[in-house]
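# Per-entry structural report
Spelled out, the chains give:
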Amino acid sequence: MPGRAAVCVIGFGELGSVLAVGLVAAGVADVRVYVRRRAEADDHARALGTRILSAGAHPHNDLEPALRGVRVAISAVPAAAAGDVAERAAPLLDDGALFVDLSADLPERKAAAAEIVERQGGRYVDVAVMGTAVMSGYGVPMLASGSGAAAWGAIAGSLGMQVDEVEGRAGRASTVKLLRSVYMKGRDALMAEMLVAARRYGLDAELLPTIAGPGEEVSFPELAERVLCSLALHADRRADELDAAAELLRGAGLDPLVTAAAAERLRWISDLGLGEDFAGQRPQALEAVLEAIDARTIPSNRRMLAAWEQARTSD
Ligand SMILES: NC(=O)c1ccc[n+]([C@@H]2O[C@H](COP(=O)([O-])OP(=O)(O)OC[C@H]3O[C@@H](n4cnc5c(N)ncnc54)[C@H](OP(=O)(O)O)[C@@H]3O)[C@@H](O)[C@H]2O)c1
């Protein structure tokens, strides 16, 4: 929508400033930036105002004029402030205006903010930013869910942003992000644990290049399928090996927090006896393995509830 429609960015920190600059560059004529009034010296406020002006945007310290007539309000404030900002912005938005919430907040808090915005006629977009403004700039990938997600995807796409829609209500995009963190941040912890121990054994240089097998060369969906299909039959052997690795870490004076927990998770899979489900043959599809795990771990009434919840939230 380059042109006349106004956009307001709430917050001018690391992310908000990158987006405001990018929106101006993308041709949005009226980019407004709301920053809260601070008790600090006027110098700080003046410097901030100058930065906003030099970005080609219009600075505001009052939310009402900042949001008057905007088609999109983008909230780029810390999670702790996001609910309050949504509550203050909701009554000021035009009917149908988009409130795009970029905060890394809990899904249920995003859903609560959506209710507040929608009750007052706005459309809410739960956005999960899947990278950092520092690394990826204006094109940082985003996932979006909620009543305004499709509209935001279309507008953002026309402005050169990278937004993919996650079907369903507000909170679903943030759920994807947190689930991804189980792997991404879990991997960070595992990597740190491995390298601290390797260094204590004086083997870090030898170790690093060894993690370069076929597993590092396939796409993530392919890797996930490969790993889970193999675990369906061989989780016990891997748990045993991790027990031994944990012992090694203890020998280096390092509490193997992540390694021991990983061994427990693999033993949990091994104890399910998934081999029976697949007659001792390696399964071919990730979906089949996940289904088999669910069937053995979720009582049937809970499975029905989960299916019902899934259907309800993807409306
Ligand atoms: N930076 C990224 O790459 C990135 C990536 C993923 C997600 N996010 C999410 O995006 C949001 C913004 O991140 P950021 O890195 O840009 O944070 P930041 O650099 O700390 O900037 C936050 C901005 O919000 C303002 N703010 C704080 N509390 C406020 C309130 N109660 N009312 C109005 N404005 C308020 C701050 O103003 P003051 O200067 O007055 O405090 C500042 O302008 C966060 O929720 C973060 O989790 C950021």
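These remarks concern the structure in this document.

Rules of the game
- Numbering of residues starts from 1 in each chain and follows the order in which that chain's sequence is written.
- With pLDDT at 70 or above as the cut-off, local features in this predicted model cover only qualifying residues; side-chain atom pairs require 80 or more to be listed or tallied, and sums for whole chains, interfaces and linings still use all residues.
- Each side-chain value is derived from all of the structure's non-hydrogen atoms; neither hydrogens nor water enter the calculation.
- In this description, a line fitted to the C-alpha atoms serves as the axis of each element, helices being fitted only across the stretch in contact, and the angle between N-to-C directions of two axes falls anywhere from 0 to 180 degrees.
- Strands here mean DSSP runs of E at least two residues long; helices mean DSSP runs of H or I at least four residues long; both are numbered from the N terminus.
- Roughly parallel here means an angle under 35 degrees, roughly antiparallel means over 145, roughly perpendicular means 65 to 115, and every remaining angle is called oblique.
- The sense of a crossing depends on the near helix, which, turned anticlockwise from the far helix by less than a right angle, makes the crossing left-handed and, turned clockwise, makes it right-handed.
- Should any heavy atoms of two residues lie within 4.5 Å, those residues are counted as being in contact.
- Amino acid classes used here: Ala, Val, Leu, Ile, Met, Phe, Trp, Tyr, Cys and Pro are nonpolar; Asp, Glu, Lys and Arg are charged; the rest, including Gly, are polar.
- Between N or O atoms, a polar contact is any pair within 3.5 Å; within protein, one atom must be a potential hydrogen donor and the other a potential acceptor, and residues adjacent in sequence are included only when both atoms are from side chains.
- The set of buried Ala, Val, Leu, Ile, Met, Phe, Trp, Tyr and Cys residues whose side-chain atoms join them within 4.5 Å is what this entry labels a nonpolar core.
- Throughout, exposure labels follow a simple rule: accessible area from a 1.4 Å probe, protein chains only, divided by the maximum for the residue type, with under 20% read as buried, over 50% as exposed, and the rest as partly exposed.
- For this purpose, a residue is taken to be near a molecule or strand whenever a single non-hydrogen atom of the residue falls within 4 Å of it.
- Surface exposure here means Shrake-Rupley accessible area, sampled with a 1.4 Å probe, where a residue is shielded only by the protein chains that are shown.
- Any two strands between which DSSP finds at least two bridges are classified as paired.
- Only residues whose relative accessible area exceeds 30% and that form no salt bridge enter a patch; like-charged residues are grouped when within 9 Å of one another, and nonpolar side chains (Val, Leu, Ile, Met, Phe, Trp, Tyr) when within 5 Å.
- We count a salt bridge whenever a side-chain nitrogen from Lys or Arg sits within 4 Å of a carboxyl oxygen from Asp or Glu.
- In summary, the pairing rule links any two rings of Phe, Tyr or Trp, Trp by its six-membered ring, whose centres are within 6.5 Å, and it sorts them by plane angle into stacked for under 30 degrees, edge-to-face for over 60 and tilted for everything else.
- Two limits define a charge over a ring: the Lys NZ or Arg CZ must be within 6 Å of the ring centre, and within 35 degrees of the ring normal.

A word on the packing of helix α10 (residues 220-251) against helix α11 (residues 257-271). Following both chains from N to C, one finds α10 and α11 inclined at 155°, their axes separated by 8 Å at the closest point. Taken together, the axes of α10 and α11 are roughly antiparallel relative to one another. In this structure, the crossing between α10 and α11 has a hand that is left-handed. In this structure, α10 uses Leu 231, Ala 235, Asp 236, Arg 238, Ala 239, Asp 240, Leu 242, Asp 243, Ala 245, Ala 246, Leu 249 and Arg 250 to contact α11, whose residues at the interface are Thr 259, Ala 260, Ala 262, Ala 263, Leu 266, Arg 267, Ile 269 and Ser 270. Its residues assigned to classes, the contact of α10 with α11 comprises twelve nonpolar, two polar and six charged.

Along the chain, the position of Asp 126 falls in strand β6 (residues 123-129). For Asp 126, the side chain forms a polar contact with the main-chain nitrogen of Gly 171, separated by 2.7 Å. Among the polar contacts made by the side chain of Asp 126, one reaches the side chain of Ser 174 at a distance of 2.6 Å. Sequence-distant contacts of Asp 126, defined by excluding residues within four places in its chain, comprise Asp 101, Lys 110, Leu 143, Ala 144, Ser 145, Ala 170, Gly 171, Arg 172, Ala 173 and Ser 174.

A separate point is the nonpolar core. Ranked by size, the top nonpolar core spans 35 residues in total, and within it Leu 23, Ile 74, Val 100, Leu 102, Val 127, Trp 152 and Met 161 carry the most contacts. Among the nonpolar cores identified, the runner-up in size contains 24 residues, and Val 77, Leu 93, Ala 114 and Val 117 belong to it.

Turning our attention to the environment of Arg 250. Mapped onto the fold, Arg 250 is located in helix α10. Residue Arg 250 is classed as partly exposed on the basis of its relative accessible area of 43%. Setting aside anything within four residues of it in sequence, one finds Arg 250 in contact with Pro 256 and Ala 260. At a separation of 3.1 Å, a polar atom in the side chain of Arg 250 contacts the side chain of Glu 247.

The subject of this paragraph is the site of the ligand. Of all residues adjacent to the ligand, which total 23 residues, the nearest are Leu 15, Arg 36, Arg 38, Val 77 and Ala 133. Between an oxygen atom of the ligand and a main-chain N or O atom of Leu 15, the distance comes to 2.7 Å. With respect to the ligand, the backbone of Ala 133 contributes an N or O atom lying 2.6 Å from an oxygen atom. Protein contacts shield 76% of the accessible area of the ligand, which totals 900 Å² for the unbound molecule. At four residues, the largest contribution of residues to the shell around the ligand is made by helix α4 (residues 79-89).

Looking now at the pairing of strand β4 (residues 72-75). Of the two faces of β4, the one holding Val 72 and Ile 74 and the one holding Ala 73 and Ser 75 are both buried throughout. As paired elements, β4 and strand β5 (residues 98-101) share four bridges and run parallel to each other. Looking across to β5, one finds that Val 72 is bridged to Leu 98.

In this section: a nonpolar patch on the surface. On the surface, a cluster of nonpolar side chains totalling about 280 Å² of accessible area is made up of Tyr 201, Leu 203 and Leu 248. Along the chain, Leu 203 turns up in the loop between α8 (172-200) and α9 (204-207).

The full count for this structure, using the stated rule, is two aromatic pairs. In this structure, Arg 265 packs its charged tip against the face of Trp 268, placed 4.7 Å from the ring centre.

Further remarks concern the pattern of salt bridges. Applying the stated rule across the entire model yields 13 salt bridges. Between Asp 105 and Arg 109 there is a salt bridge; the shortest N-O distance is 2.9 Å. Note on Asp 105: relative accessible area 9%, which makes it buried. Put simply, Glu 222 and Arg 226 hold a salt bridge, and the shortest N to O gap is 3.9 Å. Within this pair, Glu 222 and its partner Arg 226 are both found in helix α10, separated by four residues, close to a single helical turn. The partly exposed category is assigned to Glu 222, whose relative accessible area is 43%. Taken together, the shared-partner salt bridges in this structure form one network comprising Asp 240, Asp 243 and Arg 267.

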